[in-house]
Structures are given as C-alpha cells and as structure tokens.
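Structure at a glance
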Amino acid sequence: MARILIPTPLRQFAEKNDNVEVAGATVGEVLTALTTRFPDLKKNLYNDEGKLRSFVNVYLNDEDIRYTGKEATAVTDADTLSIVPSIAGGAHVG
Amino acid sequence: MSAEITLSNDEILRYSRHLIMPEVGMEGQLKLKKASVLLVGTGGLGAPLGLYLTAAGIGRIGLVDFDVVDYTNLQRQVIHGTKDVGRPKIDSAIESMKDINPFVQLDRHEVALTSDNALEIIKDYDYVVDGTDNFPTRYLVNDACVLLNKPNIYGSVFRFEGQSTVFAYEGGPCYRCLYPEPPPPGLVPSCAEGGVLGILPGVIGLIQATETAKLILGVGKSLVGRLLLYDALEMKFRELKLRKNPECPVCGDHRTITKLIDYQEFCGIPQHAAEAAPVNTATEIEPKDVKAKQDRGDKFVLVDVREPHEYQIAKIPGSILIPVGDVAKRLGELNPDDEIVMHCKMGGRSAKACDVLRANGFTKVLNMTGGITKWSDTVDPTVPKY
C-alpha cells in the first residue's frame, strides 16, 4: 500500500489523519481509494467534472504527476504520494 | 553611470562578519549594497525579511504596505511593537529598519499593490520578495514579475506549515506553473481552520531572505525549480520538483496573459465584498436584538457553531455548542418548532449552518450577523475578541 500525505488544510476532511496508507496500482486508484474512505475529501480534490482541482497538486515522491502521466502514473508500495494545496497565509474569510 | 559604490569605514566594521568570509567578502558586500529588493507586505513574512535584509546591508529596500498595525499582528510580525498598534505598518517597519541599519535606503510605497501600479513599482527593483497574505496579490506579484523578468522569492505559511521557492528566475517556473488557478473563495480555509504559529513566518521569511541574499551574491544552489515544504510539528523539510509548465498562461510557450488582469475577479472575489449588505430580518438578526430577546426572556435557542477550542476563548452566555461540521449529524438535538439563532466568530460559518437547518425543514432560523466579534463590539465588551 502506498502512503499518502494529507496537508493541514485537508485533514479536517480526513478524520484528522496526516497520512494514511491506501491501496492502488495507479495514482488515480490511490486517490479513488482515499476519497472512498474519506468522502468529504472528494469535493476538495476534484471539481464537478471529476478532474483534479488546479490548486491541488499531487506529487509521487518528489515528482508532480502532471509530468509523469497524471492519474495513470503507476504506484508501488514503496512510493509516497503528497497532496500539496496552495496556501496564502493570514487573510481569512468568514 | 553613477559613482563607484564603496564601503565607508563604519560599514566595513558593521559588515566585518560578512567581509571575512570569502563567499561574501568585499565583492559580495558591494553586490548587496548595489542591489535593490522590493518587499511586498510587512506582515508575518515581511517582518523578518525586512529586519534581516536591512541588517545584511542591501543597498535599497522598497516596502509595499497600506495596512495599520493591529494588536493581533504582534504575535508574529516582529518588526512592529506594542507601541505601534494603530500606526501604518510601513512607518513602524521603516523605523525598526532604520534603527538596525541607517546605511540602507528605504523606499515607501504606502499603497495596495494593484494591476494599475504594480509594474511601475516593481520595475525599479532587482528582486521581489512576496510576503503577501492573499491569493489575488500573489497572482498579481507573480504575473508582474514574469512580465518584467524579475525574480520572485516566494514564501507562504499556514498553521504549522510553510512553502518557499524562487519563481521567474532567468525564465524558470513561475507561481502559475505551480498553481495555475487559485482556490475558489468557498474552499479557502475560513477563520475556523486558519491561524498560524507565530514563529513559523519567521522561519519561512528567513528562508526567503537567505535565497534573496544568495541570488544577489551568486553563491550556492538556489530554490529555483524546487518547492521547499516545511512542517514545524514534524520538524521536517521536504522538497518537490518544480517544473516550468509549457502550457503556463503567463510564462509558457503560448502565452495568453501578456498584461496584468483583474486579480480580484480571477480569484472569484466579488468587487464590493467589503460593503456591508443591509440586514435581511427574515434570515438575520443583530447581536443587540439577540440580547434584547434574552433580556425579555423570549423562548429561543442560541447555537454557537464554532469549534470547541474557540468556545474556550470566548462564549455568549446561554449558547450551546454544535460545531458547523457536526450540525447535520446532530439535528436531533434541535427542535424544528423552536426559534433558533446561530452564531460563529464573524457570521460566515453560521450562515452555512442556517442553510443546513433550513434544508432539513427548520423554518425559524436566524443568523446572528457579525458573530461573537460584533457581540463584543455592540453588546458586551467584556467578551474577548480573537
């Protein structure tokens, strides 16, 4: 099972986990397994068309999956996936 | 050509710990003195940046800020002091920097950076350091730096985590290569999820300062092409590869952005969001009217939808706590026949909570405008604001 690191802003949608192990042979399968386990993560990771949101980057180890084959990128048990959303400091709403 | 730049004896003594290192030396110190750096923002990141870049002997530093020092800034914005609360940040920052090093020229830009003034301001500097706290200004700084071919030394913080890299250096990747678009306002963390360890922007700001100095000196390996991630809780640094996106709209092969755009609109922020809308008495109630209801002994339930750790900071007497994320699960604790008033810190989360109740058949639901902050302002100043 690959390890997936969940960033601070998204932990509230993942039962406060900072990392979890999920099964999957590709990045897409791992992310599907992740959002099946934590359904609240789904709307934060994917847009209404089911595409990964453009302010959420996914890295396989240190490579951005946009340059390795996107969701089709193969994943092994030794790999670590990171979700890295954009953050912008102190200005808040609501 | 201007006159040759040299160091006075006072400056030689001041910078002696630089001068005795071969990686800096006289040649490097003169490079620092000849350099100009624009700091966008004098907040959490800008504070350590301003202090250390000044101490290091950058020749000219420009400051962009139009904000005033607020009491809640002091937990992290160490360039400002308690005596500065209420003063323009730019005045307080310049005073601190002048005290540290009178040899540095400090240029004031007491404006909000906008599409109308950004190019004009940035063009006179060699390096831009992004210490802003919001997405529209980040994209504005990025695009302006790409258009003017100025390195953009980036840092960003959230809670216990930070990011830093160098964008737009000699045609390298830019912020839009990393994040083509900002999050929609609804997915930006609210004040419930916000907050920052006060020390964190010190760490990230000084990484930015280090990168700035290295670029000026031409030493070491910069963060160009690498996104550095810092996790203060784990005390771990990681780095990710940052590539230039050939499809980037501002620095890619087929550019669609060739001038500055409307960044508020790009980030989905309504033009007049700051203007207070009139209270809709069918769905909203003022804090003073909630107090009047309590004083009259009206039968109603006051629900606080903030988080438990916020409830510990301050609460309104008589309220019950149901965090916004739990409202849908805990409907059974509320009676649809009761009148229900919901509040949070500022009114944003409680508006969402009201929608949840209405969607579940509750009809007598009111959102208390302005939250506990307005309660403190207009009803009971003994309730602390945070």
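Residues numbered from 1 in each chain as written. Chains lettered and ligands numbered in written order. Predicted model: local features only at pLDDT ≥ 70, side-chain atom pairs only at ≥ 80, totals over all residues.

A count of helices and strands for chain B gives 14 helices and 13 strands. Along the longest, intermediate and shortest principal axes, the C-alpha atoms of chain B span 80 × 50 × 40 Å. Residue burial in chain B is summarised as follows: out of 386 residues, 44% are buried. Sequence-distant contacts in chain B: of pairs separated by 6 or more residues, those separated by 24 or more amount to 66%. (Helix = DSSP H or I, 4+ residues; strand = E, 2+ residues; numbered from the N terminus. Buried ≥ 20, exposed ≤ 12 C-beta atoms within 10 Å, placed from the backbone. Contact = placed C-beta atoms within 7 Å.)

On to the overall build of chain A. Helices and strands together make up the secondary structure of chain A, namely three helices and five strands. For chain A, the sequential pattern of α-helices and β-strands runs β-α-β-α-α-β-β-β. The globule rule puts the C-alpha radius of gyration for 94 residues at 12 Å, and the 13 Å found for chain A is close to it. Counting across all 94 residues of chain A, residues that qualify as buried make up 35%. Long-range pairs, those at least 24 residues apart, make up 52% of the contacts in chain A with a sequence separation of at least 6. (Rg over C-alpha atoms; globule rule 2.2 N^0.38 Å.)

All names here are of chain B. Two elements in contact, helix 4 (residues 46–56) and helix 5 (residues 89–100), have axes whose closest approach is 9 Å; the angle formed by their N-to-C orientations is 30°. With respect to their mutual orientation, helix 4 and helix 5 come out roughly parallel. The way helix 4 lies across helix 5 gives a crossing that is right-handed. Along its contact with helix 4, which presents Gly-50, Leu-51, Thr-54 and Ala-55, the element helix 5 presents Ala-93, Ser-96, Met-97 and Ile-100. (Axes fitted to C-alpha atoms, helices over the stretch in contact; angles between N-to-C directions. Parallel < 35°, antiparallel > 145°, perpendicular 65-115°, else oblique. Left-handed = near helix turned anticlockwise from the far one by under 90°.)

Looking now at the pairing of strand 10 (residues 301–304) of chain B. With four bridges joining them, strand 10 of chain B and strand 12 (residues 340–343) of chain B adopt parallel strand pairing. Counted as the bridge partner of Val-303 of chain B is Met-342 of chain B from strand 12 of chain B. (Pairing = 2+ DSSP bridges.)

We now examine the nonpolar core. Within the largest apolar cluster, 95 residues are counted, with the highest numbers of intra-cluster contacts made by Val-30 of chain A together with Val-37, Leu-38, Leu-39, Val-128, Val-129 and Cys-174 of chain B. Counting residues per element, this core draws most heavily on helix 7 (residues 135–148) of chain B, which supplies eight residues. In terms of nonpolar packing, the next biggest core, distinct from the first, is built from 19 residues, Val-324, Val-327, Met-342 and Ala-353 of chain B among them. (Core = buried A, V, L, I, M, F, W, Y, C linked by C-beta atoms within 7 Å.)

Here we take up the sheet that holds strand 8 (residues 236–241) of chain B. All names here are of chain B. Taken in spatial order, the eight strands line up as 3-2-1-4-5-6-7-8 in an open sheet, and their pairing is mixed. Each of the sheet's edge strands pairs with one partner strand only, and the pair in question is strand 3 (105–109) and strand 8. Mean inter-strand twist for the sheet, computed between neighbouring axes without regard to direction, equals 15°. As judged from the three bridges shared by strand 4 (residues 127–130) and strand 5 (residues 152–158), these two strands associate in the parallel manner. Along strand 5, the bridge assignment pairs Val-128 with Asn-152. Running over the sheet, helix 4 touches strand 1 (36–40), strand 2 (60–64) and strand 4 and is turned about 160° from strand 1. Against the sheet, helix 7 makes contact with strand 1, strand 4, strand 5 and strand 6 (161–167), and its axis sits at roughly 165° relative to strand 4, the strand it touches most.

Right, let's talk about helix 2 (residues 27–37) of chain A for a bit. Residue and element names in this part refer to chain A. Inspection of helix 2 places Val-27, Val-30, Leu-31 and Leu-34 among the buried residues, and these make up the whole buried set. Buried residues of helix 2 fall within an arc of 95° about the axis and therefore sit on the same side. Residues of helix 2 that are buried make contact with strand 1 (2–5), strand 2 (19–22), helix 3 (42–45), strand 3 (56–60) and strand 5 (80–85). (Arc of directions from axis to C-beta.)

All names here are of chain B. The end-to-end C-alpha distance of helix 9 (residues 200–217), which contains 18 residues, comes to 26 Å, matching closely the 26 Å that a straight helix rising 1.5 Å per residue would cover. Burial within helix 9 is extensive, with 13 of its 18 residues counted as buried. One or two residues past the end of helix 9 sits Gly-218, with phi positive at roughly 70°. (Expected span 1.5 Å × (residues − 1).)

In terms of domains, chain B is made up of domain 1 (9–266) and domain 2 (284–378). Relative placement of domain 1 of chain B and domain 2 of chain B: their C-alpha centres are 40 Å apart. (Domains from an automatic or database assignment.)

With that settled, the discussion passes to the pairing of strand 2 of chain B. All names here are of chain B. Counting buried residues along strand 2, four of its five residues qualify, which places the element largely inside the surrounding structure. Across five bridges, strand 1 lies against strand 2 in parallel orientation. Its bridge partner lying in strand 2, Leu-39 is registered against Leu-63. Both strand 2 and strand 3 contribute to a ladder of five bridges, which runs parallel. The partner of Gly-62 across the bridge, within strand 3, is Asp-107.

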